[in-house]
Amino acid sequence: MSSQKFRLTLLRFSQEVSARDAIKIAKMYGLDGSTQDRISRSDPGLTLLTALEQRRILYEDEKAVNKFCQDLYDLGLDHLVEQFKKFFSNLTAKPLPRQSRLPAAQSVGRSDAGNVVSGTSDQVRAHHQSAREDVPENVVSTDVSDRALSELSNYIGDEWQQIAIESLSLKSYNIAELNEDYKKFRDKVYAMFVMWRKKNAGTATTAVLLEKLQARSDVEMEALDALRKYL
């Protein structure tokens, strides 16, 4: 990999990445608040790349570039990977199946999170409904229902982030996404469960979720009872 090719790729990438996408990437890698603030204020692409290079996250190495591109795929930022594909023909990073991807932040704006029906935003429901539209009509999904998740979300409190990481195997950047995309506390909880269901499509049954929550000491009995009704 030549240094000139690498620098040219980074330049093209910096011109394509938006401030919003740059912040998403920064949060995924755990960049501090001051770095995120600089990214949001000016030249987001170059500021992000400088920070990633300084931390040896993205540098002139084939494995590092492949890892970075796979992380972009995981965030659903396929269009940014195309900049690397133009210059590196041997990339091994692959797009994830749609149901395994992180929710796209642009699908639900912060200002849209307040239209609530039965306690859950219409925007949240619409955002996640697309995951079910791809299922053929003759296939019956056994995954936990929207209604069950909606009712369950009424009984989950401040422990939701611990549940996400410890019981649902979500990542810290998933938590950052949820906190950024949804204002209302209950919407964050509901979206967390939907995210888990999408990442485990086909095996995310009510029984599986109940077993995970029963194993915790910080989940109220009311939450477990609400979920049991849908077994």
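Residues numbered from 1 in each chain as written. Predicted model: local features only at pLDDT ≥ 70, side-chain atom pairs only at ≥ 80, totals over all residues. Heavy atoms only, no water.

The chain carries the name Death domain-containing protein in an unreviewed UniProt entry, which gives Holothuria leucospilota as its organism.

(A) Quick look at the packing of helix α10 (residues 172-181) against helix α11 (residues 185-199). Close contact between α10 and α11 brings their axes to 9 Å; oriented N to C, the two are set at 140°. Classified by the interaxial angle, the pair formed by α10 and α11 is oblique. α10 and α11 meet at a crossing whose hand is right-handed. Facing α10, whose interface residues are Asn-174, Leu-178 and Asn-179, α11 presents Lys-188, Ala-191, Met-192 and Met-195. Looking at the contact of α10 with α11 residue by residue, the class counts come to four nonpolar, two polar and one charged. (Axes fitted to C-alpha atoms, helices over the stretch in contact; angles between N-to-C directions. Helix = DSSP H or I, 4+ residues; strand = E, 2+ residues; numbered from the N terminus. Parallel < 35°, antiparallel > 145°, perpendicular 65-115°, else oblique. Left-handed = near helix turned anticlockwise from the far one by under 90°. Contact = heavy atoms within 4.5 Å. Nonpolar A, V, L, I, M, F, W, Y, C, P; charged D, E, K, R; others polar.)

(B) Layout of the pattern of salt bridges. On inspection of all chains with the given rule, the structure shows eleven salt bridges. Between Arg-20 and Asp-181 there is a salt bridge whose closest N-O contact spans 3.4 Å. Here Asp-181 lies in helix α10 and Arg-20 lies in helix α2 (residues 19-28), a separation of 161 residues in the sequence. In this structure Arg-20 comes out as partly exposed when scored by relative accessible area, which is 30%. Since its relative accessible area comes to 4%, Asp-181 is described here as buried. As a salt-bridge pair, Glu-180 and Lys-27 come within 3.2 Å of each other at their nearest N and O atoms. Of this pair, Glu-180 sits in helix α10 while Lys-27 is found in helix α2, placing the two residues 153 residues apart along the sequence. Look at Glu-180 and you get buried, because its relative accessible area is 8%. Taken together, the shared-partner salt bridges in this structure form one network comprising Arg-20, Lys-27, Glu-180 and Asp-181. (Salt bridge = Lys/Arg side-chain N within 4 Å of Asp/Glu carboxyl O. Buried < 20%, exposed > 50% of the residue type's maximum accessible area, 1.4 Å probe, protein only.)

(C) Spotlight on unusual backbone geometry. The backbone of Arg-56 shows a phi angle near 55°, a positive value even though the residue is not glycine. Relative to the elements of secondary structure, Arg-56 occurs in the loop between α4 (44-54) and α5 (62-74). At Ser-169, a residue that is not glycine, the phi angle is positive and equals roughly 60°. Its place among the elements puts Ser-169 in the loop between α9 (160-167) and α10. Relative accessible area serves as the criterion here: at 51%, Ser-169 is assigned to the exposed category.

(D) Local environment of the confidence of the model for the chain. Overall, the predicted model of the chain reaches an average pLDDT of 77, with 77% of residues at or above 70. Across the chain, helix α12 (residues 206-214) holds the top mean pLDDT of 95, while strand β1 (residues 116-117) sits lowest at 34. Note on residues 130-140: pLDDT under 50 across the span, and eight contacts to partners over four residues away in sequence or across chains. (pLDDT = per-residue confidence, 0-100.)

(E) View of the environment of Gly-30. Among the secondary structure elements, Gly-30 is positioned in the loop between α2 and α3 (33-41). You can call Gly-30 exposed: its relative accessible area is 58%. For the pair Gly-30 and Ala-176, spaced 146 residues apart in the sequence, the C-alpha separation amounts to 9.5 Å.

(F) Structural detail: the nonpolar core. Ranked by internal contacts, the top residues of the largest apolar core, which has 31 residues, are Phe-13, Ile-25, Leu-48, Leu-58, Phe-68 and Phe-84. Within the residue set of this core, elements represented by two or more residues are α1 (3-16), α2, α4, α5 and α6 (78-85). Those residues in contact with Phe-68 that lie beyond four places of it in its chain are Phe-13, Ile-25, Tyr-29, Leu-52, Leu-58 and Phe-84. Residues Ala-148, Leu-152, Val-189 and Met-195 belong to the second largest nonpolar core, which totals 29 residues. (Core = buried A, V, L, I, M, F, W, Y, C linked by side-chain atoms within 4.5 Å.)

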